[in-house]
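# Commentary on secondary and tertiary structure
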Amino acid sequence: MSLWLKNVIHGEDSVTIQIVDEYIVKIYRQNDTPIISTEDEVIEGNHSLRVLPSLFNGHTHASMTLFRSYGDDLPLMRWLQEKIWPLENGITEEFVEWGMRLAILEMIKTGTTGFNDMYWHYTACAKVVEEMGIHGVLSGVFVDLFDNNRAKEQQQLNEELYWMTKERFPKYVQFAIGPHAIYTVSENSLRWAAEFTETHQLPLHIHLAETEHEVIECKKQHQGKSPVEYLNSLHLVSPRLKAAHVIHVSDQDRAILSEKQATVIHNPTSNMKLAVGGPFNLPQMLSVGIQPILGTDGAGSNNSLDMFQEMKIAALLQKHAWGDPEVAPANTVWEMATKHAWKQFGYNAGEIAEGKLAEIILVNEKDVSMVPDHNYISNLVYSANGHIVDTTISSGRVLMKHRKVKGEEEIIQEFCKIAKKFVQRKHQNL
Ligand SMILES: [Zn+2]
């Protein structure tokens with residue numbers, strides 16, 4: 001049985017795309033005559049739906065949808081101490097599951113079918129990813145706070161989770177090690193993470209050089225080494241490194257990241273909203289051969305998981321910061337959210353071509369934000385938002401068709417109840 005995307009716009013042409021299992025197997029041009037069986041599933045594009053690769057969100061804490069609009073407009077430390085940490089204290093699997101369910105629903109509705117996540121209760125996250133069927137690179141929050149016992153516990157737990165993922169969640173979950181940051185994880189654990197990810201060829205997800213304070217403290221504690229130099233001395237910088245933020249870095253740091261082919265993830269909204277210092281230096285990164293990708297960070301500090309908004313904000317931040325409208329053109333930003341991101345996480349996706357994984361969206365070219373069509377990439381980045389996505393397909397499965405996701409009303413209803421309970425719990429118990 002095949003899935004057909006009939007009469008959809010691809011580049012300047014109208015094509016019909018055949019998907020079998022998880023892959024795009026054939027792209028038929030207008031003069032070709034595909035043979036479509038009556039048993040096949042067909043989505044008719046009517047020459048008004050454009051086929052595009054789905055987006056990949058490079059850095060999230062997806063279950064933090066529970067925190068959306070709870071504690072905005074506060075400085076970082078007050079935000080963490082008064083709003084985030086008290087509620088995360090004692091967070092249960094049930095809360096995390098529902099937070100994740102709503103996050104994935106939002107991603108599907110805004111055209112994202114892959115994401116790189118770090119959060120508590122790994123198994124609950126993995127369960128929901130597998131249930132909803134988009135690709136999650138998942139890591140638990142590895143924090144040992146420089147305590148030996150805690151370090152041993154975390155190392156053991158992560159080893160168990162790695163083997164458990166292979167057995168229980170083989171399809172959509174990619175296991176990663178997620179040491180939270182250099183100021184919450186001991187040197188011993190970081191060395192362990194480097195070794196474990198090398199042995200098993202796993203991604204290593206970390207927050208890196210997010211604030212100036214982190215750099216100053218790191219230099220004090222580690223013989224003048226910057227956070228990047230420190231990680232490099234522990235053998236953590238490699239193509240497996242997925243570093244979020246990477247704002248306060250030197251030329252030397254960028255040279256190391258480039259040479260070792262690490263992934264750098266830019267989170268413009270979160271950086272601006274928490275005003276933790278910036279700006280991320282996209283032009284310098286590109287000039288030394290680093291190809292950064294894009295992420296939203298969690299809904300606690302964004303507050304949206306819509307990658308279309310993130311693309312626009314990324315482009316504008318760069319132009320504004322460097323006083324140069326030629327910086328971060330639409331096409332560059334679009335590829336940061338699609339092609340480069342999928343590739344750097346090891347997926348054969350991010351482009352519409354035969355042999356690629358069917359990670360696909362159809363967007364409505366007749367939408368008010370998409371006309372006129374002088375330049376559809378510009379429209380996608382600067383004018384549209386995630387709501388122009390009409391249909392979302394992941395691994396060849398239709399997850400949203402003509403803006404309807406199966407069970408979405410029930411998910412929203414239940415999530416709202418759970419989110420209320422989540423916040424009220426603070427007043428009762430803490
Ligand atoms: Zn983060």
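Note: the structure precedes this text.
Structural notes, computed from the coordinates. Keep in mind that what you see is a predicted model, and the values were worked out from it rather than measured.

What counts as what
- Along each chain, numbering runs from 1 in the same order as the chain's sequence is written.
- Reporting of local features is limited, given that this is a predicted model, to residues whose pLDDT is at least 70; pairs of side-chain atoms are given and counted only at 80 or more, and all residues count toward the totals for whole chains, interfaces and linings.
- Side-chain descriptors were evaluated using all non-hydrogen atoms of the structure, hydrogens and water having been removed beforehand.
- Think of it this way: any DSSP run of H or I at least four residues long counts as a helix, any run of E at least two long counts as a strand, and we number them from the N terminus.
- Within these notes, the globule rule equals 2.2 Å times the number of residues to the 0.38 power, and the radius of gyration is based on C-alpha atoms.
- Exposure is judged per residue with a 1.4 Å probe applied to protein chains only, and the accessible area is read against the type maximum: over 50% gives exposed, under 20% gives buried, and values in between give partly exposed.
- Contact criterion: two residues are considered in contact whenever any of their non-hydrogen atoms come within 4.5 Å of each other.
- The positive count covers Lys and Arg only, the negative count covers Asp and Glu only, and His and the chain ends enter neither.
- The atoms used to mark charge sites are NZ of Lys, CZ of Arg, CG of Asp and CD of Glu.
- Any nitrogen, oxygen or sulfur atom within 2.8 Å of a metal ion counts as a donor, with the limit raised to 3.2 Å for Na, K and Ca, and since water is left out, coordination shells can look unfinished.
- Under the classification used here, a metal with four donors is tetrahedral if each angle lies between 85 and 135 degrees, square planar if opposite donors are over 155 degrees apart and the others between 65 and 115, a six-donor metal meeting that same test is octahedral, and anything else is irregular.
- Working convention: axes come from line fits to C-alpha atoms, limited for helices to the stretch in contact. Angles between N-to-C directions cover 0 to 180 degrees.
- When describing relative orientation, an angle under 35 degrees is termed roughly parallel and one over 145 degrees roughly antiparallel, while 65 to 115 degrees is termed roughly perpendicular and anything else oblique.
- Each crossing gets its hand from how the near helix is turned against the far one by less than a right angle, where anticlockwise is left-handed and clockwise is right-handed.
- Note on residue categories: nonpolar means Ala, Val, Leu, Ile, Met, Phe, Trp, Tyr, Cys or Pro, charged means Asp, Glu, Lys or Arg, and polar means any other residue, Gly included.
- Between the rings of Phe, Tyr and Trp (Trp by its six-membered ring), a pair exists once the centres lie within 6.5 Å; its type follows the angle of the planes, with under 30 degrees stacked, over 60 edge-to-face, and the other angles tilted.
- Here, a charge over a ring is recorded when the distance from Lys NZ or Arg CZ to the ring centre is within 6 Å and its angle to the ring normal is within 35 degrees.
- In the cavity and pocket records, a cavity denotes points on a 1 Å grid over the protein atoms alone where a 1.4 Å probe fits but cannot get out, a pocket denotes an open set with protein on both sides within 12 Å along at least 5 of 7 lines, and lining residues are residues with an atom within 4 Å of a point.
- Grid points are joined across faces, edges and corners, and a volume is the space filled by probe spheres set on the points.
- In this scheme, a helix's expected span is set at 1.5 Å multiplied by one less than its residue total.

### Comments concerning the overall build of the chain
Looking only at helices and strands, the chain has 15 helices and 16 strands in total. The C-alpha radius of gyration computed for the chain amounts to 21 Å, which stays within 12% of the reference 22 Å derived for 430 residues, consistent with globular compactness. With respect to the principal axes defined by its C-alpha atoms, the chain has extents near 65 × 50 × 45 Å. A total of 430 residues make up the chain; the buried ones form 59% of that total. Long-range pairs, those at least 24 residues apart, make up 73% of the contacts in the chain with a sequence separation of at least 6. If you average the places of the 40 positive and of the 54 negative side-chain charges in the chain, the two averages end up 2 Å apart.

### A few points about the coordination of the zinc ion
Ideal values differ by geometry: the angle at a metal is 109.5 degrees with four tetrahedral donors, but 90 or 180 degrees with six octahedral donors. Around the zinc ion, the protein supplies His59 (NE2), His61 (NE2), His207 (NE2) and Asp297 (OD) as donor atoms, at distances of 2.1 to 2.4 Å. Taken together, the 4 donor atoms surrounding the zinc ion define angles of 86 to 179 degrees at the centre, an arrangement classified as irregular. Mapping the donors of the zinc ion onto the primary sequence yields the spacing H-x1-H-x145-H-x89-D. One end of the pair, His59, is in strand S6 (residues 55–60); the other, Asp297, is in the loop between strand S13 (293–294) and helix H11 (307–322), and 238 residues separate them in sequence. Relative accessible area serves as the criterion here: at 0%, His59 is assigned to the buried category.

### Looking at the packing of helix H4 (residues 148–168) against helix H5 (residues 187–200)
Relative orientation of the contacting elements H4 and H5 amounts to 15 degrees, with a least axis distance of 10 Å. When the interaxial angle is binned, H4 and H5 end up roughly parallel. Crossing of H4 over H5 shows right-handed handedness. Residues Ala151, Gln155, Asn158, Glu159, Tyr162 and Trp163 of H4 form the contact with H5, whose participating residues are Asn188, Ser189, Trp192, Phe196 and His200. Classifying every residue of the contact of H4 with H5 gives 5 nonpolar, 5 polar and 1 charged.

### Topic: the packing of aromatic side chains
Scanning the entire structure with this criterion turns up 13 aromatic pairs. Aromatic pair Tyr122 and Phe175: ring centres 5.4 Å apart, planes at 75 degrees, arrangement edge-to-face. Taken as a pair, Tyr122 in helix H3 (residues 122–132) and Phe175 in strand S9 (residues 173–175) lie far apart in primary sequence, 53 residues in all. Both residues of the pair, Tyr122 and Phe175, count as buried. Measuring from centroid to centroid gives 5.4 Å for Trp342 and Tyr347, while their planes differ by 90 degrees, and the two rings are edge-to-face. Each member of the pair Trp342 and Tyr347 is classed as buried. An aromatic cluster of three or more residues is present, and its members are Tyr122, Phe142, Tyr162, Trp163, Phe175, Trp192 and Phe196. The ring centre of Trp98 lies 4.5 Å from the NZ or CZ of Arg101, which sits over that ring. Positioned above the aromatic ring of Phe345 is the side chain of Lys242, whose terminal nitrogen or guanidinium carbon lies 4.9 Å from the ring centre.

### Regarding the layout of surface pockets
The volume enclosed by the largest pocket comes to roughly 920 Å³. Forming the walls of the largest pocket are 36 residues, and the residues nearest its centre are Leu80, Trp85, His180, Tyr183 and Thr184. Of the residues contributing to the lining of the largest pocket, the split by class is 18 nonpolar, 12 polar and 6 charged. For the second largest pocket, the calculated volume is near 300 Å³. Arg101, Ile108, Glu131, Met132, Arg397, Val398, Leu399, Val405, Lys406, Gly407 and Ile411 together form the lining of the second largest pocket. Counting only elements with at least two residues in the lining of the second largest pocket, the list comes to helix H2 (93–109), H3 and strand S16 (397–400). Ranked by residues supplied to the lining of the second largest pocket, first place goes to S16 with 3 residues.

### Regarding helix H1 (residues 76–88)
Along an α-helix, residues three or four positions apart point the same way, because every turn accommodates 3.6 residues. The first and last C-alpha atoms of H1 sit only 16 Å apart over 13 residues, clearly below the 18 Å expected at 1.5 Å per residue. For H1, every residue scored as buried is listed here: Trp79, Leu80, Ile84, Pro86, Leu87 and Glu88.

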